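Observations on the model geometry
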Amino acid sequence: MSELSTKDITYLPGVGPKRAELLKKELKIQSYEDLLYHFPYKYVDRSRTYKIGEISSTSSHIQLRGKVISLNSMGQGRSQRLVAKFADDTGVIELVWFKYIKQIKSGLDPKAEYIIFGKPSKFNQSYNIVHPEMEKVDSAKPKITFGLQAFYNTTEKMKNSYLNSKTIQKMQQNIFLSFQGALSESLPAYIIQQYKLMLLDKALRTIHFPADSQVLQQAQFRLKFEELFYIQLSILRLKTQRKLNISGHTFTTVGDYFNHFFHHNLPFELTGAQKRVIREIRHDVGSGRQMNRLLQGDVGSGKTMVALMVMLIALDNNFQTCLMAPTEILASQHFDSIIELLQGMDLNVKLLTGSSKKKDREQIHAELQSGKLQILIGTHALLEDVVKFKNLGMVIIDEQHRFGVAQRARLWKKNSIPPHVLVMTATPIPRTLAMTVYGDLDVSVIDELPPGRKPIQTKHYFHNHRNNLNRFIKAEIDNGRQIYVVYPLIEESEKMDYKNLAEGLEYMQSAFPEYTTAMVHGKMKPAEKDAAMQEFTSGRAHILVATTVIEVGVNVPNASVMVIESAERFGLSQLHQLRGRVGRGVDQSYCILMTGHKLGEDSKKRMSIMVDTNDGFEIAEADMKLRGPGDMEGTQQSGLPFDLKIANLTRDSQLLQHARNVANAILDKDPTLENPENQILKRQLTKLARQKLNWSLIS
Ligand code: ADP
Ligand code: MG
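Residues numbered from 1 in each chain as written. Chains lettered and ligands numbered in written order. Predicted model: local features only at pLDDT ≥ 70, side-chain atom pairs only at ≥ 80, totals over all residues. Heavy atoms only, no water.

**Side note on the pattern of salt bridges**
Inspection of every chain in the model, using the stated rule, returns 28 salt bridges. Residue Glu280 is joined to Arg293 by a salt bridge in which the shortest nitrogen-to-oxygen separation is 3.9 Å. In this pair, Glu280 is assigned in helix 11 (residues 272–285) and Arg293 in strand 10 (residues 292–297), connecting sequence segments 13 residues apart. On the basis of relative accessibility, which here comes to 9%, the residue Arg293 falls in the buried class. For the salt bridge of Glu601 with Lys604, the shortest nitrogen-to-oxygen distance reads 3.6 Å. Remark: Lys604 and Glu601 occur in helix 21 (residues 601–612); sequence separation between them is 3 residues, near one turn of the helix. Overall, Glu601 belongs to the exposed group, its relative accessible area being 56%. Using a relative accessible area of 44% as the deciding quantity, one classes Lys604 as partly exposed. (Salt bridge = Lys/Arg side-chain N within 4 Å of Asp/Glu carboxyl O. Helix = DSSP H or I, 4+ residues; strand = E, 2+ residues; numbered from the N terminus. Buried < 20%, exposed > 50% of the residue type's maximum accessible area, 1.4 Å probe, protein only.)

In structure tokens:
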């Protein structure tokens, strides 16, 4: 195969410099191998020939066999066309061409029998086929179209240069004609045997030219398996190598800080899930290996408490620790609540964000290096190179998806022995995506909410229910509760029907003159933002009008209503995050999704999923189905570190699990892939890494 990956597509018969340029620009195809891995997106069954008499309005692409019985040029100039009558023993159909008229006219043989292929459409009570594919029935010449015909994605630019699906199919054929023998195998023989996989050579030939749907499925299975298997093998090998080569700090004791906190400061009983996760982490940090763990827990499940207690273990072992959050609001909220929780414990805790004053910043830098500062909480500012620790032992990253995986690596480097890393995410990630994007991390899950929480009630209202909504808001505030109202945009957008924040503020102030309304958005200065949040957290403001800056983490247990304006503008996981801002106290909480009457199908689905379930994992799965894994929140910014050509994380989840198990079993037996039979795996991994993957992204 290696020769195919270096063979320039330009020299493939039927390509040449111009088409090669296009293939490269439009589809990133440069080598023979790239083209072979440009898989069809659909197939049309050409194993069956239809009779003209069978054509009905539901016929899609079909093939017919017959003769051309007449040929006429019609029209003038732009409306010029060529019309042929094509007949078999059951009837006649018209074939129409608007282009290539001369060539077709001179090329058609009135005596010959043809197989034609195309999609019939109804025109003036009879059927015709525009620009059919035609092949002379010639038993001496092998046909390239039989069985299932492959269709390939092309772009507008390609089509304009006559580089269509059919042309690509011919090029695929030319690749197979251009070399003798079989393509070399890319999986070890023992895997092929054990899992009864089709050989690569056959799989590639079949995927482009399948005889029937049964062999096609076998070919697809083989190629999907291979794709998922190598991704899992890369990820798991990274993890294995890390475990073998990188030692971590061993936290041997749970000492005074942890115990004092546990006995005197802990304001509530930990949930079973919180206890279990803390145990899992303690086991990790005591093992002598560096911990890299993902903590998944739905909004409100109490991840912060876990983080704090884990940080105390680090302090008990004489290490410094830091907590990084994605926004200033969230960082300063963590700071406030941690300071409060640690009351009476005489710990040095500081906050560092982009807007920290120079003097404070310098003091923090100095105290970090002397070891005096024990707990640092902050934003991306923590990543800067000037932030140096004396002995950083534990890093907590809150709301991981906002950071992108590369940044994890930067925190590692803040100590010669890398610190333990715990990443916490409240956006539940579908299992398959977690296995791939975070596949190198160990996973802990908090699958239990603190006791006494009442499930949030979610309602979908149209704008004409606004009076009802306002009465409801008033009743809640009169009961002592507080209200969030979230708008999708800060600035006036092109379309006037989106409520903007400023208008929203004005509206709420005029609708509720007797109450105080505060506002936060992303473009405010940090000090203003703080002041506004303070108004609301202290309870002075009854209503907080906001953008999605409050999406993650914000914790005001007395707030019981989340109104989301133009809710159709938000993605599912965002809606779920926003909803998670309420339901944090003992009161019944509500989430009201406001939309206009005109809603697209997807928006309707999103609203009904939100109304139907509070389960973040269910929502994440639904979100992935609606949007596809590449567009999932959490992957948009960092990007999927690979490009799936044939497998699909939504549909092939079982196969993914299988591929992961196979990869795991291999690494268990041969962690460094030294066995002769595994050399092929090593070669493929190297090739994969060179070609398309940037694994440094996920390490
Ligand atoms: P998240 O997992 O979304 O970050 P938080 O850590 O902000 O959740 O916790 C949500 C709320 O639940 C906070 O007010 C926190 O004090 C409270 N909480 C956390 N754990 C418990 C518990 N075991 N029992 C009662 N309340 C808890
Ligand atoms: Mg949180």
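**Comments concerning the sheet that holds strand 18 (residues 482–486)**
Here 6 strands make up an open sheet; going across it, the order is 17-22-21-18-20-19 and the pairing parallel. Every other strand in the sheet has two partners, leaving strand 17 (457–462) and strand 19 (517–520) as the edge strands with one partner each. Direction aside, neighbouring strands of the sheet carry axes that sit 20 degrees apart on average. Packed on one face of the sheet, helix 18 (residues 501–511) meets strand 18, strand 19 and strand 20 (543–546) and runs near 170 degrees to strand 19. Where helix 19 (residues 526–537) meets the sheet, it contacts strand 18, strand 19, strand 20 and strand 21 (559–564), and its direction lies at approximately 140 degrees from that of strand 19. (Pairing = 2+ DSSP bridges. Axes fitted to C-alpha atoms, helices over the stretch in contact; angles between N-to-C directions. Contact = heavy atoms within 4.5 Å.)

**Comments concerning the packing of aromatic side chains**
Under the defined criterion, the tally for this structure stands at 11 aromatic pairs. Between the aromatic rings of Tyr484 and Phe536, the centroid separation amounts to 5.1 Å while the plane-to-plane angle is 55 degrees, which identifies the pairing as tilted. Residue Tyr484 is found in strand 18, and its partner Phe536 is found in helix 19; the two are separated by 52 residues along the sequence. Across this residue pair, the class does not change: Tyr484 and Phe536 are buried. One aromatic cluster is present, built from ring pairs that chain together Tyr195, Phe225, Phe229 and Tyr230. It is Lys42 that lies over the ring of Phe151; its NZ or CZ is 4.8 Å from the centre. (Phe/Tyr/Trp six-rings, centres within 6.5 Å; stacked < 30°, edge-to-face > 60°. Lys NZ or Arg CZ within 6 Å of the ring centre and 35° of its normal.)

**So, the nonpolar core**
Core analysis: the biggest nonpolar cluster contains 52 residues, and Phe225, Phe229, Tyr230, Leu233, Cys322, Leu376 and Leu681 have the highest contact counts within it. Counting residues per element, this core draws most heavily on helix 23 (residues 653–669), at 7 residues. Excluding residues within four positions of it along the chain, Phe225 makes contact with Leu187, Ile191, Leu197, Leu655, His658, Ala659 and Val662. Residues Leu270, Leu347, Ile375 and Ile446 belong to the second largest nonpolar core, which totals 39 residues. (Core = buried A, V, L, I, M, F, W, Y, C linked by side-chain atoms within 4.5 Å.)

**Concerning the packing of helix 21 against helix 22 (residues 616–627)**
Close contact between helix 21 and helix 22 brings their axes to 11 Å; oriented N to C, the two are set at 175 degrees. The pairing of helix 21 with helix 22 is recorded here as roughly antiparallel in orientation. Between helix 21 and helix 22, the residues in contact are Asp602, Lys605, Arg606, Ile609 and Met610 and Ile619, Ala622 and Leu626, respectively. (Parallel < 35°, antiparallel > 145°, perpendicular 65-115°, else oblique.)

**Considerations on the site of ligand 1**
Around ligand 1, the surrounding shell holds 16 residues, and the nearest of these are Gln274, Gly300, Lys303, Thr304 and Arg453. The separation between an oxygen atom of ligand 1 and a polar main-chain atom of Ser301 is 3.4 Å. A distance of 2.6 Å separates an oxygen atom of ligand 1 from a polar side-chain atom of Arg453. Burial of ligand 1 by the surrounding chains reaches 85%, relative to a free accessible area of 570 Å². (Near = heavy atom within 4 Å. Polar contact = N/O pair within 3.5 Å; in protein donor to acceptor, adjacent residues only side chain to side chain. Areas by Shrake-Rupley, 256 points an atom, 1.4 Å probe, with all protein chains shown as cover.)

**Regarding the domain arrangement of the chain**
Here the domain parsing of the chain yields domain 1 (1–42 + 146–189), domain 2 (48–145), domain 3 (256–446) and domain 4 (457–613). Here domain 2 and domain 4 have C-alpha centroids that lie 60 Å from each other. (Domains from an automatic or database assignment.)

**Comments concerning the sheet that holds strand 14 (residues 392–398)**
Read from one edge to the other, the open sheet built from 7 strands follows the order 12-13-11-14-15-10-16, with strand pairing classed as parallel. Sheet topology places strand 12 (349–352) and strand 16 (442–446) at the edges, where each strand pairs with a single neighbour. Taking the axes of each pair of neighbouring strands and ignoring which way they run, one obtains an average angle of 20 degrees across the sheet. Examined bridge by bridge, strand 14 and strand 15 (residues 420–425) share 5 bridges and lie parallel to one another. Counted as the bridge partner of Met394 is His420 from strand 15.

**Some details on the packing of helix 11 against helix 12 (residues 303–316)**
Where helix 11 contacts helix 12, the two axes come as close as 10 Å, and the packing angle between them is 35 degrees. Crossing handedness for the pair helix 11 and helix 12: right-handed. Contacts between helix 11 and helix 12 involve Gln274, Val277, Ile278, Ile281 and Arg282 from the former and Met305, Val306, Met309, Val310 and Ile313 from the latter. When grouped by side-chain class, the residues that make up the contact of helix 11 with helix 12 number 8 nonpolar, 1 polar and 1 charged. (Left-handed = near helix turned anticlockwise from the far one by under 90°. Nonpolar A, V, L, I, M, F, W, Y, C, P; charged D, E, K, R; others polar.)

**What to know about the confidence of the model for the chain**
Here the chain averages 87 in pLDDT, and 91% of its residues register 70 or above. Segment residues 490–498 is flagged for pLDDT under 50; beyond a separation of four residues in sequence, or across chains, it makes 15 contacts in the model. Counting interchain partners and residues more than four positions distant, the pLDDT-below-50 stretch residues 693–699 has 23 contacts. (pLDDT = per-residue confidence, 0-100.)

**Considering unusual backbone geometry**
In this structure, Lys28 takes a positive phi of about 60 degrees despite not being glycine. Locating Lys28 in the fold gives a position in the loop between helix 2 (16–27) and helix 3 (32–36). Since its relative accessible area comes to 70%, Lys28 is described here as exposed. Notably, Ser566 is not glycine yet its phi reads approximately 45 degrees, a positive angle. Mapped onto the fold, Ser566 is located in the loop between strand 21 and helix 20 (572–579).

**Digging into the pairing of strand 21**
Counting buried residues in strand 21 gives 6 out of 6 residues, a clear majority hidden from the surface. With 5 bridges joining them, strand 18 and strand 21 adopt parallel strand pairing. By the bridge assignment for strand 21, Val485 is matched with Val563. In this structure, strand 21 lies alongside strand 22 (residues 590–595), joined through 4 bridges in parallel fashion. Bridge pairing in strand 22 places Val561 opposite Tyr590. The handedness of the strand 21 to strand 22 crossover, carried by helix 20, is right-handed. (Right-handed = clockwise from strand over helix to strand, strands pointing away.)

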